[in-house]
Protein chains: 2
Amino acid sequence: VTGAAVDATLPLVFVNGERVPTDGSHLSVRDRGFTLADGLFETMRARRNVVFREARHLARLSDGLRVMQIPEPRHLRRWVEQAVAGAGRMDVSIRLTITRGAGAAGLTPPADVKPTVVVTVSPMPHFPAETYTRGLSAIIASGRRNAGSMTAGLKTLSYTDAVLAWLEAQRAGADEALFLDEHGHCSEATASNLFIVVEGGLVTPPVTCAALPGITRATILELAKLAGIRAEEREFSADVMASAQEAFLTSSLRGIAPLRSVDNRNIGRGAPGEVTTRLRSAYAALVDRECGGS
Amino acid sequence: VTGAAVDATLPLVFVNGERVPTDGSHLSVRDRGFTLADGLFETMRARRNVVFREARHLARLSDGLRVMQIPEPRHLRRWVEQAVAGAGRMDVSIRLTITRGAGAAGLTPPADVKPTVVVTVSPMPHFPAETYTRGLSAIIASGRRNAGSMTAGLKTLSYTDAVLAWLEAQRAGADEALFLDEHGHCSEATASNLFIVVEGGLVTPPVTCAALPGITRATILELAKLAGIRAEEREFSADVMASAQEAFLTSSLRGIAPLRSVDNRNIGRGAPGEVTTRLRSAYAALVDRECGGS
């Protein structure tokens, strides 16, 4: 691929390595991804055909497949890269979904599991400039995350709770919802990890607080150490968050998004803070370095 | 429909009221039921074209759609009955799935939600005779249900935890897995409600223990009262269950399935008990009455 123009047909959809028309029907209603959320996914970004931290995403997915006893399809990496190559060299987001495949009704998996692999390549979503310049407002969701669930730490297709929390935030006029875990510790946002700045150091909830082991989260912890910023995984309450100097959310597509308020109370000065801004620059530079410039 | 023969093409599949080929592709990979488990479902049984307790299933679904802010599609009842009629007059199971429809990547629902409605009609599944004569063995799942979740009490598409618990039971050589809630109370099985018999009376976990408000569960509570059996919703621990006289599981398709052991310890004498057997007869008679005989 040499051109920089994006194929006008984005999003591109690939099922089991074959390109299929974007509009139309791709899946059986008997696919267990649809009937039981019996699958996992990864969301990645790519620039100039380079998928940022691809190996880490695929390693996390591989770990999850093992826990779920879904045989890992061959060619995953090749299928992702082929899909990305088809989209030209611009910034794209990639969703890689793997399900246990089609099956009869009920929980019993088929004797011969044939996983379904879907790769979708879309333009990088547009986040309003305010997301970064002003920061996001959040509520604390009425429902709690469950660190004791069978699927804690896995990026499964079960996002129903996140959708309902997002709707709750929307009804409250907020941008995001934060979850506490069943013990009242801060956990994560609907689809992002949470960081706070306390006494100049970074703190993020450990995975034992039902936080997903995010790839961006891990990257930020590394960048903080390189930048000489103290960083640790530690439990904290909503009260500790409310009195933090800064807070931000991390995810593969939105990157680092400052959090300006929670339940209508400002975090710090109610604007992106110094540590957040430093880390945003360091993160942008890292993506440039690993993906060869913007 | 006058014949008693089942259409050889079962399962029948209907998408938004239109019959579609059983094999093949029916859904977009962008359907939020697939990407986010953003939907609800009901499992029902029908005999001689009569859907058992159809109104209650549709009422529960309607309540769930309201909580999830998914507009209720018109014609649901008609679409279910049309699907059942297409299958002749024998015993069938019906799965009715409703999702928020297709959408762009991310949690944000589309401005104009067009729900996807899938009805699948299958032969009633065959449960081994032992399920009822000998009873089921169960383990207590390592993961817990979450009564505090955003979706507690809703029959959403998020069954990933149930699948993993089922696999855990299978690895242990057991038939079923029982969940405790986050406080250690007994909750339910992977896709059934739980009842125990203590001092001759029935006890089932309240929905505040993350038990789904099952239609069969409600029916059993009514039948018990009619039969002069004390019945109540009350929290109980795994220890109380272990010392119960009897225990059984209820669901729309399997009906009442006796539980003979939990974690390799017999419940009562390790065989279906008297109360369980009485209720099984009463339940079978009720289905006969409401659906016009077997």
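Shown above is the structure to which this text applies.
The notes below deal with the structure included here.

Conventions used here
- Residues numbered from 1 in each chain as written.
- Chains lettered and ligands numbered in written order.
- Predicted model: local features only at pLDDT ≥ 70, side-chain atom pairs only at ≥ 80, totals over all residues.
- Heavy atoms only, no water.
- Buried < 20%, exposed > 50% of the residue type's maximum accessible area, 1.4 Å probe, protein only.
- Helix = DSSP H or I, 4+ residues; strand = E, 2+ residues; numbered from the N terminus.
- Pairing = 2+ DSSP bridges.
- Contact = heavy atoms within 4.5 Å.
- Buried area = accessible area lost by both parts, 1.4 Å probe.
- Salt bridge = Lys/Arg side-chain N within 4 Å of Asp/Glu carboxyl O.
- Nonpolar A, V, L, I, M, F, W, Y, C, P; charged D, E, K, R; others polar.
- Least-squares fit on C-alpha atoms with pLDDT ≥ 70 in both.
- Core = buried A, V, L, I, M, F, W, Y, C linked by side-chain atoms within 4.5 Å.
- Axes fitted to C-alpha atoms, helices over the stretch in contact; angles between N-to-C directions.
- Parallel < 35°, antiparallel > 145°, perpendicular 65-115°, else oblique.
- Expected span 1.5 Å × (residues − 1).
- Disulfide = S-S within 2.5 Å.
- Phe/Tyr/Trp six-rings, centres within 6.5 Å; stacked < 30°, edge-to-face > 60°.
- Lys NZ or Arg CZ within 6 Å of the ring centre and 35° of its normal.

1. Here's the deal with the pairing of strand E1 (residues 12–15) of chain A
Here is the key point about a regular strand: its side chains alternate between the two faces of the sheet.
Residue and element names in this part refer to chain A.
Thought 1: Burial along E1 is two-sided: the face carrying Leu12 and Phe14 and the face carrying Val13 and Val15 are both buried.
Thought 2: Pairing analysis gives 4 bridges linking E1 to strand E6 (residues 116–123), with the strands arranged antiparallel. Looking at E6, one finds that Leu12 is bridged to Val121.
Thought 3: Pairing of E1 with strand E2 (residues 18–20) involves 3 bridges; the strand directions are antiparallel. Looking at E2, one finds that Val13 is bridged to Val20.

2. Looking at the interface of chain B and chain A
Thought 1: Each partner contributes residues to the interface: chain B has 60 residues there, and chain A has 60 residues.
Thought 2: When the two sides are added together, the surface that chain B and chain A hide from each other amounts to roughly 4700 Å², 66% of it contributed by carbon and sulfur.
Thought 3: On the chain B side of the contact with chain A, B:Phe34, B:Leu107 and B:Met150 bury the most area, a combined 17% of that side's loss.
Thought 4: Counting across the interface, chain B meets chain A through 0 salt bridges.
Thought 5: Elements supplying a minimum of two residues to the side of chain B that touches chain A: strand E1 (12–15), helix H1 (32–36), strand E5 (92–99), strand E6 (116–123) and helix H5 (160–171) of chain B.
Thought 6: When its residues are assigned to classes, the side of chain B that touches chain A shows 26 nonpolar, 21 polar and 13 charged.

3. Notes on the relation of the copies chain B and chain A
Thought 1: Between chain B and chain A, which share one sequence, the superposing operator has a rotation angle of 180 degrees and an axial displacement of 0.0 Å; the RMSD is 0.0 Å. Here the symmetry operator amounts to a two-fold rotation axis.
Thought 2: Taken as a fraction of all interface residues of chain B, those also at the interface in chain A reach 100%, which identifies the copy contact as same-surface.

4. Here's the deal with the nonpolar core
Thought 1: Membership of the largest hydrophobic core comes to 90 residues, with the highest contact counts inside it found for A:Ile94, A:Leu96, A:Val121, B:Ile94, B:Leu96 and B:Val121.
Thought 2: In this view, A:Leu96 contacts A:Leu40, A:Phe41, A:Glu42, A:Met44, A:Leu58, A:Leu61, A:Leu76, A:Val80, A:Val117, A:Val118 and A:Val119; residues no more than four positions away in its chain are not counted.

5. Some details on the pattern of salt bridges
Residue and element names in this part refer to chain A.
Thought 1: Tallying each qualifying case throughout the model produces 36 salt bridges over all chains.
Thought 2: A salt bridge links Asp38 to Arg100; the shortest N-O distance between them is 2.6 Å. Of the two residues, Asp38 is situated in the loop between helix H1 (32–36) and strand E3 (39–47) and Arg100 in the loop between strand E5 (92–99) and E6; the sequence distance between them amounts to 62 residues.
Thought 3: Overall, Arg100 belongs to the buried group, its relative accessible area being 1%.

6. Examining the packing of helix H6 (residues 215–226) of chain B against helix H8 (residues 274–291) of chain B
Residues and elements named next belong to chain B.
Thought 1: Running from amino to carboxyl end, H6 crosses H8 at an angle of 110 degrees, the nearest separation of the two axes being 10 Å. One way to sum up the angle between H6 and H8 is to call them roughly perpendicular. Contacts between H6 and H8 pair Thr216, Thr219, Ile220, Leu223 and Ala224 from the former with Leu279, Ala282, Tyr283 and Leu286 from the latter.
Thought 2: A class-by-class count of the residues in the contact of H6 with H8 yields 7 nonpolar, 2 polar and no charged.

7. Overview of helix H2 (residues 54–67) of chain B
All names here are of chain B.
Thought 1: Compared with an ideal rise of 1.5 Å per residue, which puts 14 residues at 20 Å, H2 spans 20 Å between its outermost C-alpha atoms and is within 8% of the ideal.
Thought 2: Where H2 is concerned, the buried positions are Glu54, His57, Leu58, Arg60, Leu61, Ser62, Gly64 and Leu65.
Thought 3: For H2, the elements touching its buried residues are strand E3 (39–47), strand E4 (50–51), helix H3 (76–85), E5 and H6.
Thought 4: Positive backbone phi, approximately 55 degrees, marks Gln69, located one or two places after H2.

8. Description of the state of the cysteines
All names here are of chain A.
Thought 1: This model, assessed by the stated rule, comprises 0 disulfides over all chains.
Thought 2: With no disulfide of its own, Cys186 has Cys209 as its nearest cysteine by sulfur position, at a separation of 8.6 Å.
Thought 3: In this structure Cys186 comes out as buried when scored by relative accessible area, which is 1%.

9. Focus on the packing of aromatic side chains
Residue and element names in this part refer to chain A.
Thought 1: Per the counting criterion, the structure on display carries 6 aromatic pairs over all chains.
Thought 2: The interplanar angle of 65 degrees and the centroid separation of 5.3 Å between the aromatic rings of Phe41 and Tyr159 together place this pair among those described as edge-to-face. On the criterion of sequence distance, the pair formed by Phe41 in strand E3 and Tyr159 in the loop between strand E7 (136–140) and helix H5 (160–171) is long-range, its members being 118 residues apart. Considered together, Phe41 and Tyr159 belong to a single accessibility category, that of buried residues.
Thought 3: Ring geometry for Phe52 against Tyr283: centres 5.9 Å apart, planes inclined by 90 degrees, an arrangement best described as edge-to-face. Taken together, the residues span a long stretch of sequence, with Phe52 in the loop between strand E4 (50–51) and helix H2 (54–68) and Tyr283 in helix H8 (residues 274–291) at a distance of 231 residues.
Thought 4: Accessibility expressed as a relative area gives 5% for Phe52, which makes it buried.
Thought 5: For Arg145, the ring lying beneath its charged end belongs to Phe179, and the centroid distance is 4.0 Å.

10. Description of the sheet that holds E6(B)
Working definition: the strands of a sheet are paired by backbone hydrogen bonds and lie parallel or antiparallel to each other.
Residues and elements named next belong to chain B.
Thought 1: One open sheet accounts for 6 strands, arranged E2-E1-E6-E5-E3-E4; its pairing is antiparallel. Every interior strand has two partners, whereas the edge strands, strand E2 (18–20) and E4, have only one.
Thought 2: Where E3 meets E4, 2 bridges bridge the pair, whose relative direction is antiparallel. Across the sheet, the residue bridging to Ala46 is Val51, located in E4.
Thought 3: The sheet strands contacting H2 are E3, E4 and E5, and the helix crosses E3 at an angle near 175 degrees.
Thought 4: Each of E3 and E4 is contacted by H8, which is oriented at about 85 degrees to E3, the strand it contacts most.

Limitation: the analysis is restricted to geometry and does not speak to function.
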